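Structural characterization, general
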Amino acid sequence: MSASWDAAMGAALGEARTALARGDVPVGAVVLNDAGAVVGAGHNVREALGDPTGHAEVVALRAAGTALGAWRLDGCTLVVTLEPCTMCAGAAVLARVERIVFAAFDPRAGAVGSLWDVVRDRRLNHRPEVVSGVRASESSELLDAFFAEQRHQIRP
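This report concerns the structure included in the present document.

Turning to the packing of aromatic side chains, a few remarks are in order. Scanning the model with the defined rule gives 2 aromatic pairs in all. Residues Phe 102 and Phe 105 carry aromatic rings whose centres are separated by 5.0 Å and whose planes lie at 85 degrees to one another, so their mutual orientation is edge-to-face. Phe 102 sits in the buried class, given a relative accessible area of 0%. Judged by its relative accessible area of 45%, Phe 105 is partly exposed. Between Phe 146 and Phe 147 the ring centres are 5.0 Å apart and the planes differ by 80 degrees, which places this aromatic pair in the edge-to-face class.

Structure representation (structure tokens):
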């Protein structure tokens, strides 16, 4: 598979824009099979569904599992617009994804190198490869605009 993750991140950014349009934090994710085809996609649905586990990564991993008919996503790549949190990093490890590709780092909740490093913990039985910073500025711009609007709505 190509080392360029531009197109896949473009698909994840499209998912993030869908979340934004629906009033949720603009995070999107896609899961690619070993041939590079999208087998799962998702965006944040926490607000829409009132689901605390409705993170883009979990939605995309569930869709991939359904599409492939298996919980083991061997050979798959999770592409996401924001560094996964502990829940999502743990889900990726448990799903046995081969790699995680993400755009922007999350210094407040990131668990793939920023605050924690769940995916590289030697005590776990699976450690996916990590690629970071792919189209990070685009992802950061979406997130910054969303949170600026949230702050604006709170202020009188």
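Following the structure, the description resumes.
Turning our attention to the sheet that holds strand 2 (residues 38-43). Spatially, 5 strands are ordered 2-1-3-4-5 in an open sheet, and the strand pairing comes out mixed. Strand pairing shows two members of the sheet lacking a second neighbour, strand 2 and strand 5 (129-132), which therefore form its edges. Strand after strand, the sheet turns through a mean of 15 degrees between neighbouring axes, direction not considered. On the sheet, helix 1 (residues 6-21) packs against strand 1 (28-32), strand 2, strand 3 (77-82) and strand 4 (99-104) and is oriented at approximately 145 degrees with respect to strand 1. Seen against the sheet, helix 3 (residues 56-68) touches strand 1, strand 2 and strand 3 and runs at an angle of roughly 150 degrees to strand 2.

A separate point is the side chain of Arg 99. Relative to the helices and strands, Arg 99 is located in strand 4. There is a polar contact of 2.7 Å between the side chain of Arg 99 and the side chain of Thr 77. A polar atom in the side chain of Arg 99 sits 2.9 Å from the side chain of Glu 98.

Rules and cut-offs
- What you see as residue numbers is a count from 1 along each chain, following the sequence as written.
- Local features in this predicted model are restricted to residues of pLDDT 70 or higher, and side-chain atom pairs are both shown and tallied only at a pLDDT of 80 or more, whereas totals for entire chains, interfaces and linings draw on every residue.
- Side-chain figures throughout are based on the complete set of non-hydrogen atoms in the structure, without hydrogens or water.
- What counts as a ring pair is set by centres within 6.5 Å for rings of Phe, Tyr and Trp (its six-membered ring), and what kind of pair is set by the plane angle: stacked under 30 degrees, edge-to-face over 60, tilted for all other angles.
- For every residue, the accessible area obtained with a 1.4 Å probe (protein chains only) is divided by the maximum for its type, and the residue is called buried under 20%, exposed over 50%, and partly exposed between those limits.
- When DSSP finds at least two bridges between two strands, those strands are taken to pair.
- Elements are defined by DSSP. Helices are runs of H or I of four residues or more, strands are runs of E of two residues or more, and each kind is numbered from the N terminus.
- For helices, the axis comes from a line fit to the C-alpha atoms of the stretch in contact; other axes are also lines fit to C-alpha atoms, and the angle between any two N-to-C directions lies between 0 and 180 degrees.
- Contacts are assigned to residue pairs that have any heavy atoms within 4.5 Å of one another.
- N or O atoms closer than or at 3.5 Å make up a polar contact, with two conditions inside protein: a donor-capable atom paired with an acceptor-capable one, and, for residues adjacent in sequence, both atoms drawn from side chains.

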